[in-house]
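Below, each chain spelled out in residue letters.
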Amino acid sequence: MSEPRKRIRVRQIAQAKAEGRRISALTSYDCMTARIFDEAGIDLLLVGDSAANVVFGANTTLSITVDELVPLARAVAQAAPHCLVVADLPFGSYEAGPDQALATSIRFMKESGVQAVKLEGGVRSEAMIRKVVDAGIPVVGHIGFTPQSEHGLGGHVIQGRGAAAKQLMEDALAVERAGAFAVVLEMVPASVAAEVTKALTIPTIGIGAGAECDGQILVWQDAFGLNNGRLPKFVRQFAQVHEVLRNAASEYREAVADGSFPNTAESYPDIAPTV
């Protein structure tokens, strides 16, 4: 008889690199997808600030607030008993400095029940990461293309090319030095991400950073085809959920229109059945 699954903890994610085990991660923003991804054996679920785009319909991640993200994080944490659940600190909730970063992190831990938080930035965020980690809250870093800095970076621009590779490495080392247990590398040349992965003792989780990272993460709506619009180069679609839902909705509409739904079996009789 196989042993029952236990919750993945920070230590298992941190150890994955030494064990040669690749980390699977997805975004999640609600209890239904969280439960499914948990059942599928995904290691880490990120309640990302990308909810601004895929839940609330914004063009960037900048508009989402802590008040909006906390309930989504709570729903995911409650529905995923085995995954390590991480919540993004949204733009404006930690940039003022270490004290603000800690206060926001504490709020997520108390009000949502997640097991860790994620924040963007390398060298510039080192003090914030250290403050949060020193308080006993696990942190995932995020370097390379950082969506909250989209306007400062000039749009969705690949990071770490050429001379910029040195700064990316410095950012990665700063995140590790500050005590983060893992770091996301976004939109970084595969060869540069490989060098960063080799230099760090903590796992790297790539999104558009090649196959040599210690793990991979995708926005689930992109990965499983709920989003049928323009996709980044690094996305592979493993399903076409948009098509399945559209066809099901069309079938439902037709059944309502032609009166075939509900049928007798789906309706209550006026006399209760005898036992």
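What counts as what
- Residues numbered from 1 in each chain as written.
- Predicted model: local features only at pLDDT ≥ 70, side-chain atom pairs only at ≥ 80, totals over all residues.
- Heavy atoms only, no water.
- UniProt positions renumbered as here; feature names shortened; annotations may be inferred.
- Pairing = 2+ DSSP bridges.
- Helix = DSSP H or I, 4+ residues; strand = E, 2+ residues; numbered from the N terminus.
- Axes fitted to C-alpha atoms, helices over the stretch in contact; angles between N-to-C directions.
- Contact = heavy atoms within 4.5 Å.
- 1 Å grid on protein atoms, 1.4 Å probe; cavity = no way out; pocket = protein on both sides within 12 Å on 5 of 7 lines; lining within 4 Å.
- Buried < 20%, exposed > 50% of the residue type's maximum accessible area, 1.4 Å probe, protein only.
- Left-handed = near helix turned anticlockwise from the far one by under 90°.
- Nonpolar A, V, L, I, M, F, W, Y, C, P; charged D, E, K, R; others polar.
- Polar contact = N/O pair within 3.5 Å; in protein donor to acceptor, adjacent residues only side chain to side chain.

The name recorded for the protein in an unreviewed UniProt entry is 3-methyl-2-oxobutanoate hydroxymethyltransferase, from Pseudoclavibacter albus. The UniProt entry for the protein carries this comment under Subunit (unreviewed entry): "Homodecamer; pentamer of dimers." Note on the protein: under the UniProt heading Pathway (unreviewed entry), the record states "Cofactor biosynthesis; (R)-pantothenate biosynthesis; (R)-pantoate from 3-methyl-2-oxobutanoate: step 1/2."

*Asks:* How would you summarise the sheet that holds strand E6 (residues 182-186) if you had to cite specific residues and measurements?
*Replies:* In sheet architecture, strand pairing relies on hydrogen bonds along the backbone and comes in two forms, parallel and antiparallel. If you trace the eight strands once around the closed barrel, you get E1-E2-E3-E4-E5-E6-E7-E8, paired in parallel fashion. Averaged over all adjacent pairs, the angle separating strand axes in this sheet is 25°, with direction ignored. Both strand E4 (residues 116-120) and strand E5 (residues 139-144) contribute to a ladder of four bridges, which runs parallel. Paired with Leu119 across the strands is Gly141, a residue of E5. Contacts from helix H4 (residues 66-79) reach strand E2 (44-47) and strand E3 (84-88), with the element oriented near 160° to E2.

*Asks:* Lay out the UniProt feature "binding site: 3-methyl-2-oxobutanoate" (unreviewed entry) in the protein in plain terms, naming residues and giving numbers.
*Replies:* Using the residue numbers shown here, the UniProt feature "binding site: 3-methyl-2-oxobutanoate" (unreviewed entry) corresponds to Asp49, Ser50, Asp88 and Lys118. Considering the C-alpha atoms alone, the annotated residues occupy 70 residues of sequence yet fold into one spot, their largest mutual distance being 12.5 Å. Narrowing the list just given to those that line the largest cavity leaves Lys118. Looking at the element boundaries, Asp49 is found in the loop between E2 and helix H3 (51-54). For Lys118, the location among the structural elements is in strand E4.

*Asks:* So what about the UniProt feature "binding site: Mg(2+)" (unreviewed entry) in the protein? Which residues, and what values?
*Replies:* Using the residue numbers shown here, the UniProt feature "binding site: Mg(2+)" (unreviewed entry) corresponds to Asp49, Asp88 and Glu120. For the annotated residues, spread through 72 residues, the largest C-alpha to C-alpha distance comes to 11.0 Å, consistent with a single compact locus. As for the annotated residues, the ones lining the largest pocket are Asp49, Asp88 and Glu120. Position of Asp88 among the secondary structure elements: in strand E3. Judged by its relative accessible area of 2%, Asp88 falls in the buried class. Not counting the four nearest positions on each side in its chain, Asp88 is found in contact with Leu46, Val47, Gly48, Asp49, Leu69, Phe108 and Lys118. Classification of Glu120 by relative accessible area gives buried; the value is 1%. Not counting the four nearest positions on each side in its chain, Glu120 is found in contact with Asp49, Tyr94, Ser125, His142, Thr146, Pro147, Gln148 and Ser149.

*Asks:* Got a sec to walk through the packing of helix H2 (residues 31-39) against H4? Specific residues and values, please.
*Replies:* The geometry of H2 relative to H4 is characterised by a closest axis approach of 8 Å and an angle of 35° between their N-to-C directions. Crossing angle aside, the handedness with which H2 passes H4 is right-handed. Residues Cys31, Ala34 and Arg35 of H2 pack against Ala75, Val76 and Ala79 of H4. Split by residue class, the contact of H2 with H4 holds five nonpolar, no polar and one charged.

*Asks:* Go over the side chain of Ser125, please, and point to the residues and values.
*Replies:* Mapped onto the elements of the fold, Ser125 is located in the loop between E4 and helix H6 (126-134). At 2.7 Å, the side chain of Ser125 forms a polar contact with the backbone oxygen of Glu120. Those residues within four positions of Ser125 in sequence are excluded, and the remaining contacts are Tyr94, Leu119 and Glu120.

*Asks:* How would you explain the environment of Leu72 if you had to name every residue and give the values?
*Replies:* Along the polypeptide, Leu72 turns up in helix H4. Owing to a relative accessible area of 15%, Leu72 belongs among the buried residues under this scheme. Sequence spacing of Leu72 and Ala51 is 21 residues, and the spatial spacing of their C-alpha atoms is 8.7 Å.

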